[in-house]
Amino acid sequence: MTSSQTWIKNVTVATLEGPGYGLLHDAVVGIKGDEISYVGNAKDAPAPAANDEVIDGTGQLLTPGLIDCHTHLVWAGSRADEFARRLHGASYADIAAQGGGIAATVRATREASEAQLVALTEPRLRALMAEGVTTVEIKSGYGLSLEHERKQLRAARTLAETHPVSVQTTLLAAHALPPEFKDRGDDYIDSVVDEILPTLAAEGLADAVDAFCESVGFSPAQTERVFAKAQELGLPVKLHAEQLSNQHGSALAASYQALSCDHLEHLDEAGVKAMAASGTVAVVLPGAFYFLRESKLPPMAMLREHGVPIALATDANPGTSPILSLQLMLQMGATFFRMTPEECLRGVTCNAAKALGLNDRGLVKTGLRADLCLWKCSDPAELTYQFGTERLAACWHQGLRR
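What counts as what
- Residues numbered from 1 in each chain as written.
- Predicted model: local features only at pLDDT ≥ 70, side-chain atom pairs only at ≥ 80, totals over all residues.
- Heavy atoms only, no water.
- Helix = DSSP H or I, 4+ residues; strand = E, 2+ residues; numbered from the N terminus.
- Rg over C-alpha atoms; globule rule 2.2 N^0.38 Å.
- Buried < 20%, exposed > 50% of the residue type's maximum accessible area, 1.4 Å probe, protein only.
- Areas by Shrake-Rupley, 256 points an atom, 1.4 Å probe, with all protein chains shown as cover.
- Pairing = 2+ DSSP bridges.
- Domains from an automatic or database assignment.
- Contact = heavy atoms within 4.5 Å.
- Buried area = accessible area lost by both parts, 1.4 Å probe.
- Salt bridge = Lys/Arg side-chain N within 4 Å of Asp/Glu carboxyl O.
- Axes fitted to C-alpha atoms, helices over the stretch in contact; angles between N-to-C directions.
- Parallel < 35°, antiparallel > 145°, perpendicular 65-115°, else oblique.
- Left-handed = near helix turned anticlockwise from the far one by under 90°.
- UniProt positions renumbered as here; feature names shortened; annotations may be inferred.
- 1 Å grid on protein atoms, 1.4 Å probe; cavity = no way out; pocket = protein on both sides within 12 Å on 5 of 7 lines; lining within 4 Å.
- Points joined across faces, edges and corners; volume = space filled by probe spheres on them.
- Nonpolar A, V, L, I, M, F, W, Y, C, P; charged D, E, K, R; others polar.

Student: Is there a simple way to explain the overall build of the protein chain in this structure?
Tutor: When its secondary structure is counted, the protein chain shows 15 helices and 16 strands. Expected size for 402 residues packed as a compact globule is a radius of gyration near 21 Å; at 21 Å, the protein chain falls within 12% of this value. Seen through its C-alpha atoms, the protein chain measures out along the principal axes to roughly 70 × 45 × 45 Å. A total of 402 residues make up the protein chain; the buried ones form 56% of that total. Accessible area for the protein chain stands at about 15600 Å²; split by element, carbon and sulfur atoms hold 52% of it.

Student: How should the pairing of strand 15 (residues 392-397) be read in this particular structure?
Tutor: Looking along a regular strand, one sees the side chains alternate between the two faces of the sheet. Strand 15 sits mainly inside the fold: five of its six residues count as buried. Pairing of strand 15 with strand 16 (residues 400-401), which is carried by two bridges, proceeds in the antiparallel orientation. Each bridged residue has a counterpart across the sheet, and for His 397 the counterpart in strand 16 is Leu 400.

Student: I keep staring at the domain arrangement of the protein chain and nothing clicks. Help me out?
Tutor: Reports of interface size often rely on the accessible area that becomes lost once the parts have come together. The domain boundaries assigned to the protein chain delineate domain 1 (5-64 + 363-401) and domain 2 (66-356). Relative to domain 2, the C-alpha centre of domain 1 lies at a distance of 30 Å. The partner domain 2 presents 22 residues to the 25 residues of domain 1 that form the contact. At the boundary of domain 1 with domain 2, total buried surface from both sides reaches about 1800 Å², with 65% on carbon and sulfur atoms. It is Thr 384, Phe 387 and His 397 in domain 1 that bury the most area against domain 2; as a group they hold 32% of the surface buried on that side. Taken together, the connections running from domain 1 to domain 2 amount to zero salt bridges.

Student: What should I look at first to understand the packing of helix 4 (residues 114-129) against helix 5 (residues 146-162) in this one?
Tutor: If you want to describe how two helices pack, look at the angle between their axes and the distance between the axes. Direction vectors running N to C along helix 4 and helix 5 enclose 50°, while the axes themselves pass 9 Å from each other. With respect to helix 5, the element helix 4 is oriented oblique. At the point where helix 4 passes helix 5, the crossing takes the right-handed sense. When helix 4 is examined against helix 5, the residues Glu 114, Leu 117, Val 118, Thr 121, Glu 122 and Leu 125 are found in contact with a partner set consisting of Lys 151, Gln 152, Arg 154, Ala 155, Thr 158 and Leu 159.

Student: Help me understand the UniProt feature "binding site: N-formimidoyl-L-glutamate" (unreviewed entry) in the protein chain in this model?
Tutor: Mapped onto this structure's residue numbering, the UniProt feature "binding site: N-formimidoyl-L-glutamate" (unreviewed entry) falls at Tyr 142, Asn 317 and Gly 319. The greatest C-alpha distance among the annotated residues, which extend across 178 residues, is 11.4 Å, indicating that they converge on a single site. You can see Asn 317 is positioned in the loop between strand 13 (310-312) and helix 12 (326-337). Not counting residues up to four positions away in its chain, the partners in contact with Asn 317 are His 72, Trp 75, Tyr 142 and Pro 322.

Student: Explanation requested: the UniProt feature "binding site: Fe(3+)" (unreviewed entry) in the protein chain in the structure shown.
Tutor: Those residues carrying the UniProt feature "binding site: Fe(3+)" (unreviewed entry) are His 70, His 72, His 240 and Asp 315 in this numbering. Spanning 246 residues, the named residues form one tight spatial group whose C-alpha atoms are at most 12.2 Å apart. By secondary structure assignment, the location of His 70 is in the loop between strand 6 (66-68) and helix 1 (80-87). Setting aside residues no more than four positions away along its own chain, His 70 makes contact with Glu 137, Lys 139, His 240, Asp 262, His 263, Val 283, Leu 285, Ala 313, Thr 314, Asp 315 and Ala 316. Once you skip the residues sitting within four places of it in the chain, Asp 315 turns out to touch His 70, Thr 71, His 72, His 263, Leu 285, Ala 288, Thr 320 and Ser 321.

Student: Looking at this model, I keep getting lost on the environment of Ile 323. Mind explaining?
Tutor: Take Ile 323: it is sitting in the loop between strand 13 and helix 12. Taking relative accessible area as the criterion, Ile 323 reaches 10% and is therefore assigned buried. Residues Ile 323 and Val 308, 15 residues apart in the sequence, show an inter-C-alpha distance of 26 Å. Apart from residues lying up to four places away in sequence, Ile 323 is in contact with Gly 287, Tyr 290, Thr 314, Ala 316, Leu 328 and Met 329.

Student: I tried to follow the side chain of Ser 250 on my own but got confused; where do I start?
Tutor: Tracing the chain through its elements places Ser 250 in helix 8 (residues 249-255). The contacts of Ser 250, once residues within four sequence positions are left out, are Leu 239, Ala 241, Glu 242, Cys 261, Leu 264, Leu 267 and Met 275.

Student: Would you mind showing me how to read the layout of surface pockets here?
Tutor: Over the atoms rolls a probe the size of a water molecule, and its path tells where empty space is left. Volume-wise, the second largest pocket comes out at about 160 Å³. What lines the second largest pocket is Phe 83, Arg 86, Leu 87, Tyr 290, Phe 291, Leu 292 and Arg 293. When residues of the lining of the second largest pocket are traced back to their parent elements, those giving at least two are helix 1 and helix 10 (286-291). The element contributing the most residues to the lining of the second largest pocket is helix 1, with three residues. A breakdown of the residues in the lining of the second largest pocket according to their chemical character gives five nonpolar, no polar and two charged.

Student: What should I look at first to understand the packing of helix 5 against helix 6 (residues 185-202) in this one?
Tutor: Orientation of helix 5 relative to helix 6, taken along the N-to-C sense of each, is 35°, at an axis distance of 10 Å. Every pair of crossing elements has a handedness; the one defined by helix 5 and helix 6 is right-handed. In this structure, helix 5 uses Leu 146, Glu 149, Arg 150 and Leu 153 to contact helix 6, whose residues at the interface are Glu 195, Ile 196, Thr 199 and Leu 200. Among the residues making up the contact of helix 5 with helix 6, the classes are represented as four nonpolar, one polar and three charged.

So this is what it looks like as structure tokens:
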């Protein structure tokens, strides 16, 4: 007996194939199992079988499920007090000297149990899902030891098992120096390379490896040690690069065929060319740009000129982007970074999929995963134009409506 299918008819489809939106009007999309079985015009669509489900999209917009390709979603504690103190005139250095900043998040995350981290992260994840996110990347980086990095990644895996959303886990042990390694950066990288990375890779907890290459983070030489080990273990790499200064981390990451380089406010043309040659995606993060009151924009025109794919993400984290709205990032990408509405939507679908090394989603295309969003509008520019409204009409993850 042939299994039944779902047919979504009478929709405008942003397939994201080719340039722009790849729009199809008066279209039909078929779902069979967890895959898209048909995409095309209504007049050419097969007739549904008697036991098939038929959904009238009433002329609304159908897109791929959204992908948030850069988050730090698993953490404990709050930095709201620091935010208030900065607004009252305290400097970041003052706060850090008093045990605040990332050290405060590390301390709280270490003190939390795995179950507590799951419970704390669940509402954050649900907030993203409510806006159409069907795949989310979750980084570690607030544990900074084998035990606590493992705990963060296990919490992320648990959330994927208990919610209708796909989670890609990224090991970010090279995020900051833990307090027990104060002023001993090379020794900590020894620990990352010799213990943390190989152990967690062997346990299957990491889909990729990331690092923070910055004057206040890790040097290019230290970052390369992490990348070399990741390559040896068969894990792809990503990089927090050129956010606060130009450390030439993007060119280094590109030499390791990095999936993405993220932030990029201080990226130069040599870095852009290296990324273009390696197929590395530029992930821009307007939430952090906004929250930190930055003024230097990523080199958007240069990225376009050299054909580097551009993705958008929330960078959801407690210190520099405590924002849980990918739709807000569409608006910020347009207003701050002057991205077109087409670039914004591609940035949270097909280009975000590339940034995670995923070739089975991000487009509305026959044979790909049926991760789909139906929106209460017909013009895809509406998704970038306005936020704060309940736009999502329906969402499918791996073929199942959630």
